[in-house]
Amino acid sequence: MRVLKIHPEKCTGCLRCELACSYMQTGDYQPAKSVIRVSPFEGHTSYAPYTCTQCDEAWCMTACPVGAITINAVGAKDVVDDRCVGCKAFKCNLCGGAPACAEACPTAAITYEDVETADWLGDFARERTARVLAEVR
Amino acid sequence: MARRHLIIGGGTAGMNAIRTIREEETERSTITLVSAEKPYSRMVLPYYLDRSIAESHVFTATARVLADWGVTTQMGKRATALDTKANVCTLDDGTTVEYDDCVIATGSSAVRAPVPGADGPGVHSFWTLDQARGVLAQIQPGSHVVMVGAGFIAFTILNSILSLGAKLTIVEVAPRILPRMIDDAGAGLVQAWLEQNGVAVRPGAKLTRIDDAKGRRRLKMAAGGDLVADIVIMATGIRTNLDWLKGSDVKINQGVVVDDHLRSSVPNVYAAGDVAEGRDLISQTNAVHAIEPTAQEHGRIVGANMAGKDVRYRGSLIINIVEVCHLDVASFGAWDDAKAETASGVKADRPAYRKLLWRGDRLTGAIILGPSSDIWTTNDVGMLKGLVQSGVSLGAWKAHLKKNPFDIKPAFIATKTTGSLLPETILGRPSKAPGESPVAV
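Because the structure is predicted, anything quoted here is derived from the model rather than measured. (Residues numbered from 1 in each chain as written. Chains lettered and ligands numbered in written order. Predicted model: local features only at pLDDT ≥ 70, side-chain atom pairs only at ≥ 80, totals over all residues. Heavy atoms only, no water.)

**Q** Can you break down the overall build of chain B residue by residue, with the values?
**A** Counting its regular elements, chain B contains 12 helices and 26 strands. Radius of gyration (C-alpha) of chain B: 23 Å, near the 22 Å computed for a compact globule of 441 residues. Seen through its C-alpha atoms, chain B measures out along the principal axes to roughly 65 × 60 × 40 Å. A buried classification covers 57% of the 441 residues belonging to chain B. Restricting to contacts in chain B with at least 6 residues of sequence separation, those with at least 24 account for 63%. Element-wise, carbon and sulfur atoms account for 51% of the exposed surface of chain B, whose accessible area totals about 17,500 Å². (Helix = DSSP H or I, 4+ residues; strand = E, 2+ residues; numbered from the N terminus. Rg over C-alpha atoms; globule rule 2.2 N^0.38 Å. Buried < 20%, exposed > 50% of the residue type's maximum accessible area, 1.4 Å probe, protein only. Contact = heavy atoms within 4.5 Å. Areas by Shrake-Rupley, 256 points an atom, 1.4 Å probe, with all protein chains shown as cover.)

This is how it looks when you write it as structure tokens:
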């Protein structure tokens, strides 16, 4: 399965992924409506985007009492709007196989690849938050 | 391997068990479902009450779907006895069903406050579809609804009542609202929020009786200040439906005591959902959770084990999430652990609140509330659940969170919680989409 691979060291924090995502998913250019979100690290000197990892357990899918979250043709957990009755879940569906975030990223910090999904940000975040933590101690 | 499976109860636990049996079995077995009601989801009844969905949308499996799944149904009947030596279940119409293994998933029922008049006209419970129909038939724009009890169940329907144009008063005998879901500080913020949104809230108020008042209901309160209501909804707790098992060999404490495979004291009898007293993920002791996520996971574990797999359950996490008047309120795990180390932060004007609880450097419980429109509230709800569920070692992030209880995201990411959660699957394999299963054999 192809997944969104995040290369945090390449992210410049430009937020084009959030704009592209919100436009593709909702028709509005509004980062608040994006399902990929860029986080700042080290006082806004480095950044990394984070989105659904399309995990195997798929807690969202198993939790839905009416089966409104399913697996779409490209393997993403996807909300079926006409089966959704209430909580109006909204999540990354890999844009049906052409993820707008990856296309919009000018530095290839988000790529769409046939790899195992993984914790793409953990090591990066650990390194970039070391100074913040040192100050707490 | 068991060839004849009996599912007693058509709620979340029972339906998940059926689906998982069909997903996991290597040879086609026979499945019989005994269910007093047509299977539906209690979780969506609030949307039925506010008329945003038709009644037909509450059902989780129609007769046609059950037939496609190869399930023999005993619908509209209740189990009355279980003979665990003969492996026979007796139903209320005298029918007997033989089984090789079975799951007790008979759920729970609403209980009313034990006061005179509690069973009178105009007094409702809101737990089953039938009870939801009863409330829906009576509620009108301008109706005065008095909700007795301010727990989770009550809160799931507050929005629906308000959206129907009814006036709402909540009375709660405990000194605060949501007494089994959030702490004092959180409850105070939620109460103020509700009052700002036009809901009258009276904690510490004891109801003594309900009388007729020219066709309306008069609620007599111990400390005075009687209320007159068009509709009374009793959300005063639930009890497990286990009376029918009296005299059987199945060991019952608060619920049916189950092991880490969800087997009862009788090895070919499982229990799942609200009736099961199974392992709690955080305390690792047995407890009755009676919440939807536990019923769903229980059902899947039982289904896999009934299908001949050997699946151990890690235990279930207490999860309470509700939204009232666009305020998200949630708690996870051991949120009321008096022996835990705690930190909290409040922004009363938003309002927003976080309470974090630790044992050692692991987050074992959390309370969060904040406006639904705040992206960081929604994100933090998910991340707090992940931190409590994974039990990752927070190390130096513990001190950071103690000083900055709102700064959850960097702690979640840098402690590699995602990496810890990714390999976690309940059944030891990727979940299947609802449409893909059960697979026809």
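**Q** Explain the overall build of chain A residue by residue, including any values.
**A** Secondary structure assignment for chain A yields five helices and six strands. In chain A, the succession of helices and strands from N to C terminus is β-α-β-β-α-β-β-α-β-α-α. For a compact globule of 137 residues, the expected C-alpha radius of gyration is about 14 Å, and chain A comes in at 16 Å, within 12% of that figure. With the C-alpha coordinates of chain A rotated into their principal frame, the extents come out at 50 × 30 × 30 Å. Of the side chains in chain A, 14 bear a positive and 17 a negative charge, and the two mean positions are spaced by 3 Å. (Lys, Arg positive; Asp, Glu negative; His and termini not counted. Charge placed at Lys NZ, Arg CZ, Asp CG, Glu CD.)

**Q** Could you give me a rundown of the nonpolar core, with the residues and numbers involved?
**A** Residues and elements named next belong to chain B. If you look at the biggest cluster of nonpolar residues, it comprises 60 residues, and the most contacted ones within it are M147, F155, I161, V190, L194, I233 and V329. At five residues, helix α7 (residues 184-196) tops the list of elements feeding residues into this core. Contacts of I233, omitting those with residues within four sequence positions, involve H124, F126, V135, V145, V146, M147, V148, I157 and I161. Formed by 52 residues, the second largest nonpolar core is a distinct cluster that contains L281, L387, V388 and I408. (Core = buried A, V, L, I, M, F, W, Y, C linked by side-chain atoms within 4.5 Å.)

**Q** Explain the interface of chain A and chain B to me, using residue names and the numbers behind them.
**A** On the side of chain B, 41 residues touch chain A, which itself brings 35 residues to the contact. Here chain A packs against chain B, burying approximately 3,100 Å² in sum over the two surfaces, 64% of which is carbon and sulfur. Counting across the interface, chain A meets chain B through two salt bridges. Notably, a salt bridge pairs E57 of chain A with R300 of chain B, separated by 2.9 Å at the nearest N-O pair. Linking chain A to chain B there are 10 residue pairs in polar contact (both at pLDDT 80 or more). Sorting the residues of the side of chain A that touches chain B by element identifies β2 (36-41), α2 (59-63), β4 (69-71), α4 (122-128) and α5 (130-136) of chain A as the ones contributing at least two each. Taken together, the residues of the side of chain A that touches chain B sort by class into 19 nonpolar, nine polar and seven charged. (Buried area = accessible area lost by both parts, 1.4 Å probe. Salt bridge = Lys/Arg side-chain N within 4 Å of Asp/Glu carboxyl O. Polar contact = N/O pair within 3.5 Å; in protein donor to acceptor, adjacent residues only side chain to side chain. Nonpolar A, V, L, I, M, F, W, Y, C, P; charged D, E, K, R; others polar.)

**Q** How would you explain the packing of helix α1 (residues 12-24) of chain B against helix α8 (residues 292-306) of chain B if you had to name every residue and give the values?
**A** Residue and element names in this part refer to chain B. Two elements in contact, α1 and α8, have axes separated by 7 Å at closest approach and are oriented at 35°. Relative to α8, α1 is oriented so that their crossing is right-handed. Contacts between α1 and α8 involve T12, A13, N16, A17, T20, I21 and E24 from the former and E292, A295, Q296, G299, R300, G303, A304 and M306 from the latter. Its residues assigned to classes, the contact of α1 with α8 shows six nonpolar, six polar and three charged. (Axes fitted to C-alpha atoms, helices over the stretch in contact; angles between N-to-C directions. Left-handed = near helix turned anticlockwise from the far one by under 90°.)

**Q** An account of the sheet that holds strand β13 (residues 207-213) of chain B is needed here, citing residue identities and associated values.
**A** All names here are of chain B. With respect to topology, three strands assemble into an open sheet ordered β13-β14-β15, the strand pairing being antiparallel. Edge strands, defined here as strands with exactly one partner in the open sheet, are β13 and β15 (227-229). Direction aside, the axes of adjacent strands within the sheet are offset by 25° on average. In this sheet, β15 lies alongside strand β14 (residues 216-221) in antiparallel orientation, the contact comprising three bridges. Bridging across to β15, L219 finds its partner in L227. (Pairing = 2+ DSSP bridges.)

**Q** Could you give an account of the environment of L357 of chain B, with specific residues and numbers?
**A** Residue and element names in this part refer to chain B. Note on placement: L357 falls in strand β25 (residues 352-359). Each C-alpha atom of the pair L357 and A334 lies 7.7 Å from the other, and the pair is 23 residues apart in sequence. Setting aside chain neighbours within four positions, we find L357 in contact with A334, W335, D336, D337, A340, E341, T342, R362, L363, T364, G365 and A366.

**Q** Give a detailed account of unusual backbone geometry, specifying residues and quantitative values.
**A** All names here are of chain B. With an omega of -10°, the peptide bond between R350 and P351 qualifies as cis. Its place among the elements puts P351 in the loop between β24 (341-347) and β25. Its identity is not glycine, yet L178 carries a phi of approximately 45°, on the positive side. Tracing the chain through its elements places L178 in the loop between β11 (167-172) and α7. On the basis of relative accessibility, which here comes to 0%, the residue L178 falls in the buried class.

**Q** Explain the environment of G370 of chain B to me, using residue names and the numbers behind them.
**A** All names here are of chain B. Of note, G370 is situated in strand β26 (residues 362-371). Residue class for G370 comes out buried when judged on its relative accessible area of 0%. Put simply, G370 and H326 are 44 residues apart on the chain and 8.7 Å apart in space, counted from C-alpha to C-alpha. Leave out the neighbours within four places in its chain, and G370 touches L327, D328, P351, A352 and T377.

**Q** So, the layout of surface pockets: which residues are in play, and what are the values?
**A** By volume, the second largest pocket is sized at about 730 Å³. Along its surface, the second largest pocket is lined by 30 residues, and P65, V66 and G67 of chain A together with T60 and A61 of chain B are the ones closest to its centre. Listing elements by their share of the lining of the second largest pocket, those giving two or more residues are α2 of chain A together with α1 and α8 of chain B. If one sorts the elements of the lining of the second largest pocket by residue count, α1 of chain B sits on top with four residues. Looking at the lining of the second largest pocket, its residues break down into 13 nonpolar, 13 polar and four charged. (1 Å grid on protein atoms, 1.4 Å probe; cavity = no way out; pocket = protein on both sides within 12 Å on 5 of 7 lines; lining within 4 Å. Points joined across faces, edges and corners; volume = space filled by probe spheres on them.)

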